[in-house]
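Listed below are the residues making up each chain.
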Amino acid sequence: MNLYLRYFDREVLVQSVDDAIDFLASIDEIGMNPALEKDIRDYAKSDVIYPKRYKIRPRVYFIVIKTEAETMQDFKDKKAVNPVGNSADKSSAPVLVRLNEERFGWYEGSIDFKRVSLVPGTGKFQYRDTHFVACCKAVSGIDCYNRIVDHLSQRVDPRSQFPSAKGKNFKFRFLGDCK
């Protein structure tokens, strides 16, 4: 496993933790110390795959990323990105792929949105979390979302807020083909 390090416009791809520490020690602003060195060594040994960012001062960081790339060009071209396995399970596919996959039939869509409603007695309005589920004929997941939002927007206060179809507040599932 190699390490990519970047501090502003200074960047390097190294094969060992010692090379990474030498790179960081060459930058005066970072202020390499034993605690930072230990933390970088622990990060390199760990199973953690997400990037790690270290704060130098307010709004100034350097990053360390684990990668399988052998050269800087491979890293920049994203050739060493962890491949996503080809599984038959569509639920692991990216949201945009599932949303736009066209398959005419019945869909069950559920949406959590902020509904504007009047508070009795005070005459003021407030946002309330509202869960709505509907079955509809649609061509795709995004078509299901659009039909639900169109339906709701005609029946609730126009100030109500609907989530993005790509977010966690909209879910859908294909129920079956329609005749």
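Refer to the preceding data block for the structure.
Now for a look at the structure at hand. (Residues numbered from 1 in each chain as written. Predicted model: local features only at pLDDT ≥ 70, side-chain atom pairs only at ≥ 80, totals over all residues. Heavy atoms only, no water.)

1. What about the overall build of the chain?
Thinking step 1. In terms of helices and strands, the chain carries five helices and seven strands.
Thinking step 2. Mapped from its N terminus to its C terminus, the chain presents α and β elements in the order β-β-α-α-β-β-α-α-β-β-α-β.
Thinking step 3. Relative to the globule expectation of 16 Å for 179 residues, the C-alpha radius of gyration of the chain, 25 Å, shows a markedly less compact shape.
Thinking step 4. Across its three principal axes, the chain shows a C-alpha extent of roughly 65 × 50 × 25 Å.
Thinking step 5. In the chain, which comprises 179 residues, the share counted as buried stands at 32%. (Helix = DSSP H or I, 4+ residues; strand = E, 2+ residues; numbered from the N terminus. Rg over C-alpha atoms; globule rule 2.2 N^0.38 Å. Buried < 20%, exposed > 50% of the residue type's maximum accessible area, 1.4 Å probe, protein only.)

2. Overview of the sheet that holds strand β2 (residues 10–14)
Thinking step 1. Pairing is antiparallel across the open sheet formed by four strands, whose spatial order is β2-β1-β4-β3. Edge positions in the sheet fall to β2 and β3 (52–57), since each has one partner strand and no second. Recorded for the sheet is a direction-independent mean angle of 15 degrees between the axes of neighbouring strands.
Thinking step 2. Pairing of strand β1 (residues 2–7) with β2, which is carried by five bridges, proceeds in the antiparallel orientation. Residue pairing in the sheet places Y7 in a bridge with R10 of β2. (Pairing = 2+ DSSP bridges. Axes fitted to C-alpha atoms, helices over the stretch in contact; angles between N-to-C directions.)

3. Re the side chain of S160
Thinking step 1. Counting through the fold element by element, S160 comes out in the loop between α5 (141–153) and β7 (170–176).
Thinking step 2. Within the structure, S160 has its side chain in polar contact with the backbone oxygen of D157 (distance 3.0 Å).
Thinking step 3. Residues in contact with S160, not counting those within four places in the same chain, are K114, R115 and V116. (Polar contact = N/O pair within 3.5 Å; in protein donor to acceptor, adjacent residues only side chain to side chain. Contact = heavy atoms within 4.5 Å.)

4. Brief notes about helix α1 (residues 17–25)
Thinking step 1. Every buried residue of α1 is listed here: V17, A20, I21, F23 and L24. On an axial view of α1, the arc spanned by its buried residues comes to 160 degrees, and they lie on one face. (Arc of directions from axis to C-beta.)

5. Some points on the sheet that holds strand β5 (residues 105–118)
Thinking step 1. Sheet architecture is open: three strands sit in the order β6-β5-β7, paired in antiparallel fashion. The open sheet has two edge strands with one neighbour each: β6 (125–138) and β7. When the angles between neighbouring strand axes are averaged without regard to direction, this sheet yields 20 degrees.
Thinking step 2. Here β5 runs beside β6; their pairing, made up of 14 bridges, is antiparallel. Pairing of Y107 across the sheet is with C136, part of β6.
Thinking step 3. The sheet contacts of α5 involve β5, β6 and β7, and relative to β6 the element is tilted by about 130 degrees.

6. Looking at the packing of aromatic side chains
Thinking step 1. Under the counting rule described, the total for this entry stands at eight aromatic pairs.
Thinking step 2. Ring geometry for Y4 and F75: centres 4.2 Å apart, planes at 25 degrees, overall stacked. Taken together, the residues Y4 in strand β1 and F75 in helix α3 (residues 72–76) connect sequence positions 71 residues apart.
Thinking step 3. When the ring of F170 is compared with that of F172, the centres are 5.9 Å apart and the planes differ by 20 degrees; the resulting orientation is stacked.
Thinking step 4. Residue F170 is classed as buried on the basis of its relative accessible area of 5%.
Thinking step 5. Exposure remark for F172: the relative accessible area of 16% places this residue in the buried category. (Phe/Tyr/Trp six-rings, centres within 6.5 Å; stacked < 30°, edge-to-face > 60°.)

7. Re helix α2 (residues 34–45)
Thinking step 1. The end-to-end C-alpha separation of α2 is 16 Å, in line with the 16 Å expected for twelve residues at 1.5 Å each.
Thinking step 2. When we look at burial in α2, the residues that qualify are L36, I40 and Y43. Relative to the axis of α2, the buried residues are bounded by an arc of 60 degrees and lie together on one face. Seen from the buried face of α2, the exposed residues on the opposite side, beyond 90 degrees, are P34, A35, K38 and K45.
Thinking step 3. Of the surrounding elements, those touching the buried residues of α2 are β1, α1, β3 and β4 (60–67).
Thinking step 4. Where α2 begins, the capping side chain belongs to N33, and its oxygen is found 3.1 Å from the backbone nitrogen of A35. (Expected span 1.5 Å × (residues − 1).)

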